[in-house]
Amino acid sequence: MPTRTPEEVLRHAAQAPDLARLDAEVADCFACPRLVAWRERVAAERRAAFRDERYWGRPVPGWGPADAPIGILGLAPAAHGGNRTGRIFTGDRSGDVLFAALHRAGLANQPTSVSRDDGLELRHTRIFAAVRCAPPDNKPLPVERDTCAPWLHRELELIKPTLRVVIALGAFAWAAWWPFLVSGYALRPPVPRPKFGHGAEVRLPGAPVLLGCYHVSQQNTFTGRLTPAMLDEVLARAKAVAGLA
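Residues numbered from 1 in each chain as written. Predicted model: local features only at pLDDT ≥ 70, side-chain atom pairs only at ≥ 80, totals over all residues. Heavy atoms only, no water.

**Q** Could you clarify how one ought to interpret the packing of aromatic side chains in this entry?
**A** The way to describe two aromatic rings as a pair is by their centre distance and the angle between their planes. Under the counting rule described, the total for this entry stands at seven aromatic pairs. Note on W177 and F180: the rings are 6.0 Å apart at their centroids and 55 degrees apart in plane angle, and the pair reads as tilted. Placement of the pair is W177 and F180 together in helix α7 (residues 171-185), with a separation of three residues, close to one helical turn. The pair W177 / F180 is uniform in exposure class, with both members buried. Among the aromatic side chains, those forming a connected cluster through ring pairs are W174, W178, F196 and Y214. Above the plane of the ring of F30 lies R39, whose end atom (NZ or CZ) is 4.8 Å from the centre. For the cation-ring pair, R58 lies above W56, with the distance from its terminal atom to the ring centre recorded as 4.3 Å. (Phe/Tyr/Trp six-rings, centres within 6.5 Å; stacked < 30°, edge-to-face > 60°. Helix = DSSP H or I, 4+ residues; strand = E, 2+ residues; numbered from the N terminus. Buried < 20%, exposed > 50% of the residue type's maximum accessible area, 1.4 Å probe, protein only. Lys NZ or Arg CZ within 6 Å of the ring centre and 35° of its normal.)

**Q** So what exactly am I meant to see when it comes to the pairing of strand β2 (residues 125-129) here?
**A** Regular strands have side chains that alternate between both faces of the sheet. For β2, a buried count of five out of five residues is recorded, marking the element as mostly surrounded by other parts of the structure. With five bridges connecting them, strand β1 (residues 70-74) and β2 associate as parallel partners. Across the sheet, the residue bridging to I72 is I127, located in β2. (Pairing = 2+ DSSP bridges.)

**Q** Help me understand helix α1 (residues 6-15), please; the structure alone is not making it clear to me.
**A** In an α-helix, one turn spans 3.6 residues, which is why side chains three or four residues apart end up on the same side. When α1 is considered as a whole, its buried residues turn out to be V9, H12 and A13. One side of α1 holds all its buried residues, which, seen down the axis, span an arc of 100 degrees. Pointing more than 90 degrees away from the buried face of α1 are the exposed residues E7, L10, A14 and Q15. (Arc of directions from axis to C-beta.)

**Q** Any chance you could explain the packing of helix α6 (residues 142-159) against α7 here in plain terms?
**A** A pair of packed helices is characterised by two quantities: the angle between their axes and the separation of those axes. Contact geometry for α6 and α7: axes closest at 10 Å, N-to-C directions at 60 degrees. Note that α6 runs across α7; the crossing there is right-handed. Residues R145, L152, H153, L156 and E157 of α6 lie in contact with α7, whose contacting residues are F172, A176, W177, P179, F180, S183 and G184. (Axes fitted to C-alpha atoms, helices over the stretch in contact; angles between N-to-C directions. Left-handed = near helix turned anticlockwise from the far one by under 90°. Contact = heavy atoms within 4.5 Å.)

**Q** For this particular structure, what's the right way to read the packing of α1 against α6?
**A** Packing of α1 against α6 brings their axes to within 8 Å, and their N-to-C directions diverge by 5 degrees. Relative to α6, the element α1 lies roughly parallel. Contact with α1, carried on its side by P6, V9, L10, H12, A13 and A14, involves T147, P150, W151 and R154 of α6 and no other residues of that element. Partitioning the contact of α1 with α6 into residue classes produces seven nonpolar, two polar and one charged. (Parallel < 35°, antiparallel > 145°, perpendicular 65-115°, else oblique. Nonpolar A, V, L, I, M, F, W, Y, C, P; charged D, E, K, R; others polar.)

Right, here's the structure in full:
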C-alpha cells in the first residue's frame, strides 16, 4: 500500500526487514503533497532534451551494496536527474562529477552514470539522500525533511553493521546526520555542534566517522569551489577510514 502520511512513513520504515523492502517502500511514498506535485509535474512536462523519455517521477531509493563501509549522504534527487532516471545522482552533471571521482578511487566500475541499466556498479559504497523526492528549487522544507527522515534512518540502521564512514555532501546532508547519531548510536552530538565545511571531520567513539564535502553541484564544480582534486582527497580519506586504502 502507498505511504501517504508521516505516521505511515514512520511505521513502514520501521517494519522494512531489509534494503530491498525499504527501497520498494520508499518508491511508493506520497507523504509530502508539495513534493509529490512537483515531481509529477516535472515528469509530465519534461525537459526538451528528454522529451521522448519516460520519467521515473517517484521517490528515489538509496543505491549500492548492503555491506558498504562507506556511505555518501546527499540532499535530494535532481528534477531531471534522479527524478528522471530513478537512480540517485544519475543522469545529471552532479552525478557526472561524483561517479568520475568514485571511478578514480576504485569505488565504481565505470566513470559515468546515465541510467539504471547502464551497467554501473558501486564498490564498498552506498549512496542515499536526506530527502527522497526532487524538491522545487532544490530546497526541501523542514517539514519535508522531517517527514522523510525515517526512510534515511532505517537505511542507516540496516547498513550500520558495516558502515565506517559517512561523507556528507553539503550542509543540508551534514545536518541530517545528527538525529541518527542520537537514535541509531545513542550518542549526543558535541556541543557546540561541529560546523560543516569541506574537509571537516568528526570522530566519536562507537559511530562512523563523518566527513564534510562540498556538494557536487554545478554551482560548486563550475566555479572551482569544488575541484576534482578536492573530491579525490575526501574519497581517499574515506577509503582509509574504511580500511580500503
